[in-house]
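# Analysis of the macromolecular model
For reference, the chains in residue letters:
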Amino acid sequence: MSYFIELVVSGLAIGAIYGLVAMGFAVIYKATGIVNFAQGEMGMLAAYTSWSIAVTLGTGAVLTVLVAVVVGALLGLICERLIMRPMLGESVLSVVLVTVGLSVMLRSLVTLIWGAAPQKFAVAGADTIVQLGGIGMRVSQIAVIAVLLLALAGFWFFLSRSRFGVAMRAVAADEKTARLMGVSTARVQAVAWAAASGLAGLAGAFFAVIYGLAPTIFELGLKAFPATVLGGFDSILGSGVSGLVIGVLENLVGGYLPSTLKEIAGFVLILVVLMVRPFGLFGEKRIERV
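Right, let's walk through the structure included here. (Residues numbered from 1 in each chain as written. Predicted model: local features only at pLDDT ≥ 70, side-chain atom pairs only at ≥ 80, totals over all residues. Heavy atoms only, no water.)

### A look at the overall build of the chain
Going by this rule: Secondary structure is summarised from DSSP: a helix means a run of H or I of at least four residues, a strand means a run of E of at least two, and numbering begins at the N terminus for each. The globule rule is 2.2 Å times the number of residues to the power 0.38, and the radius of gyration it is compared with is taken over C-alpha atoms.
Check the secondary structure of the chain and you find 11 helices and 2 strands. Tracing the chain from N to C terminus, the helices and strands come up as α-α-α-α-β-β-α-α-α-α-α-α-α. Computed over C-alpha atoms, the radius of gyration of the chain comes to 19 Å, within 12% of the 19 Å expected from 2.2 N^0.38 for 290 residues, which places it in the range of a compact globule. Considering only C-alpha atoms, the chain reaches an extent of 55 × 45 × 35 Å along its principal axes.

Rendered as structure tokens:
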């Protein structure tokens, strides 16, 4: 039983990282109707940048996390302004292909600047073991779960209580009508890209601290994508929660079944769920955009 609990607890930690990336997918989709396939690469670039700053300036844990968020948000704003905004009015397929090209470019940029060798992202106190009910967890694992919960609460408040959140929901529901009502769709999309990239930066930094820094961090986008599909592309909160589900499922499959099945566990789950609910567990039937 203790082995099962350990798998669940460690699964929640990696699931929280998936959840942060998945929320970023959903934020951009909700505001723009497109899927950003460069989400994992944005997290990777933010992680490497925050690592370089931490090594150079010796920043603490909290400051390192803030740097990752700020770098990610700035990266999102730059990509939206220079790459995505000129694509306004183009077909969805064209815009999605641009994000694929962006992902390849960012991946190459990281390898060019920092190399392909793995690095240790050491943050003071991150590896300290805390006993919770007889189960040992690293402080960094507890922290990323707490950060996901805070992100879920923050986005719930933002979407349901803030004026800008209501504007984002209006754009997601009917962009043309929202524009006629005076909502700046360009501003909404810029904020969405900044928020999504900030979430990716958070996820990338936590993954690097817990599991190590390497160019393969971009795979977080691929691993988190099933969580977005499972939760529903138009459900930011559902995507975050589904990240936890995917993380726990992967760990349980890897713990009790052949390890090769761990990599496909999330995709098998979404195939099963989508046969019953094509719009995801928390999505809405009215989705028409692809």
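### Here's the deal with the packing of aromatic side chains
As a reminder, the rule being used: In summary, the pairing rule links any two rings of Phe, Tyr or Trp, Trp by its six-membered ring, whose centres are within 6.5 Å, and it sorts them by plane angle into stacked for under 30 degrees, edge-to-face for over 60 and tilted for everything else. Under the scheme applied here, a residue whose accessible area is under 20% of the maximum for its type counts as buried, over 50% as exposed, and between as partly exposed, the area being computed with a 1.4 Å probe on protein chains only. Whether a charge sits over a ring comes down to the Lys NZ or Arg CZ being within 6 Å of the ring centre and within 35 degrees of the ring normal.
A full pass over the atoms with the stated rule returns 10 aromatic pairs. Summarising the aromatic geometry, the rings of Phe 207 and Tyr 211 are spaced 5.0 Å apart at their centres and angled 40° between planes, so their arrangement reads as tilted. Pair noted here: Phe 207 and Tyr 211 are both in helix H8 (residues 185-211), with a separation of 4 residues, about one helical turn. Taking the relative accessible area as the measure of exposure, Tyr 211 reaches 40% and is therefore partly exposed. What links up through ring pairs into an aromatic cluster is the set Phe 25, Tyr 29, Phe 37, Phe 225 and Phe 233. One Lys or Arg, Arg 107, reaches over the ring of Phe 218 and ends 4.1 Å from the middle of that ring.

### Observations regarding the nonpolar core
The line we're drawing: Residues grouped as a nonpolar core are buried Ala, Val, Leu, Ile, Met, Phe, Trp, Tyr and Cys residues, joined through side-chain atoms within 4.5 Å.
Counting residues in hydrophobic clusters, the biggest one holds 73 residues, and the most contacted among them are Ile 17, Leu 20, Met 23, Met 42, Val 144 and Ile 217. Per-element tally for this core: the top contributor is helix H1 (residues 2-32), with 15 residues.

### Quick look at the layout of surface pockets
The condition is simple: Residues are said to line a cavity or pocket when one of their atoms sits within 4 Å of a point; the points come from a 1 Å grid over protein atoms alone, cavities being sets where a 1.4 Å probe fits but cannot get out and pockets being open sets with protein on both sides within 12 Å along at least five of seven lines. Grid points are joined across faces, edges and corners, and a volume is the space filled by probe spheres set on the points. In this classification, the charged set is Asp, Glu, Lys and Arg, the nonpolar set is Ala, Val, Leu, Ile, Met, Phe, Trp, Tyr, Cys and Pro, and all remaining amino acids, among them Gly, are polar.
Taken as a whole, the largest pocket spans an internal volume of roughly 350 Å³. Listing elements by their share of the lining of the largest pocket, those giving two or more residues are helix H3 (61-84), helix H4 (92-114), helix H7 (175-180) and H8. With 4 residues, H8 is the largest single contributor of residues to the lining of the largest pocket. Of the residues belonging to the lining of the largest pocket, the class tally is 8 nonpolar, 6 polar and 6 charged.

### Looking at the pairing of strand S1 (residues 129-132)
Heads up, the condition is: In this scheme, strands are said to pair when DSSP sees at least two bridges between them.
Two elements, S1 and strand S2 (residues 135-138), share 4 bridges in a ladder whose sense is antiparallel. By the bridge assignment, Val 130 is partnered in S2 with Met 137. Turn length for the S1-S2 hairpin, with the two strands adjacent in sequence and antiparallel, is 2 residues, and the turn residue Gly 133 shows positive phi of about 60°.

### Quick word on the environment of Phe 164
For clarity, the cut-off: In what follows, residue pairs with any heavy atoms lying within 4.5 Å of each other are defined as contacts.
Relative to the assigned elements, Phe 164 resides in helix H6 (residues 163-173). With residues near it in sequence (within four places) discarded, Phe 164 still touches Phe 158, Arg 187, Val 188 and Val 191.

### Observations concerning the packing of helix H5 (residues 139-161) against H6
The test is simple: Axes, fitted as lines to C-alpha atoms, cover a helix only where it is in contact. Angles between the N-to-C directions of the axes lie from 0 to 180 degrees. For classification purposes, angles smaller than 35 degrees are called roughly parallel, those larger than 145 roughly antiparallel, those between 65 and 115 roughly perpendicular, and all remaining angles oblique.
Interhelical geometry of H5 versus H6 gives an angle of 75° and a closest axis separation of 5 Å. Considering the angle they form, H5 stands roughly perpendicular to H6. Counting all contacts with H5, which are made through Phe 158, Leu 159, Ser 160 and Arg 161, the residues of H6 involved are Arg 163, Phe 164, Gly 165, Val 166, Met 168 and Arg 169.

### Description of the environment of Gly 254
Position of Gly 254 relative to the elements: it lies in helix H10 (residues 236-256). In this structure the C-alpha to C-alpha distance between Gly 254 and Leu 77, which are 177 residues apart in sequence, comes to 38 Å.

### A short note on the packing of H3 against H8
Threshold: Should the near helix be turned anticlockwise from the far one by less than a right angle, the crossing is termed left-handed; should it be turned clockwise, right-handed.
The N-to-C vectors of H3 and H8 enclose an angle of 140°; their axes lie 7 Å apart at closest approach. Overall, the two elements H3 and H8 adopt an arrangement that is oblique. With respect to the hand of their crossing, H3 and H8 are arranged in right-handed fashion. Across the interface between the two elements, Val 65, Ala 68, Val 69, Gly 72, Ala 73, Gly 76, Leu 77, Glu 80 and Met 84 from H3 touch Ala 186, Gln 189, Ala 190, Trp 193, Ala 194, Ser 197, Gly 198, Gly 201, Leu 202, Ala 205 and Phe 206 from H8. Partitioned by chemical class, the residues of the contact of H3 with H8 number 13 nonpolar, 6 polar and 1 charged.

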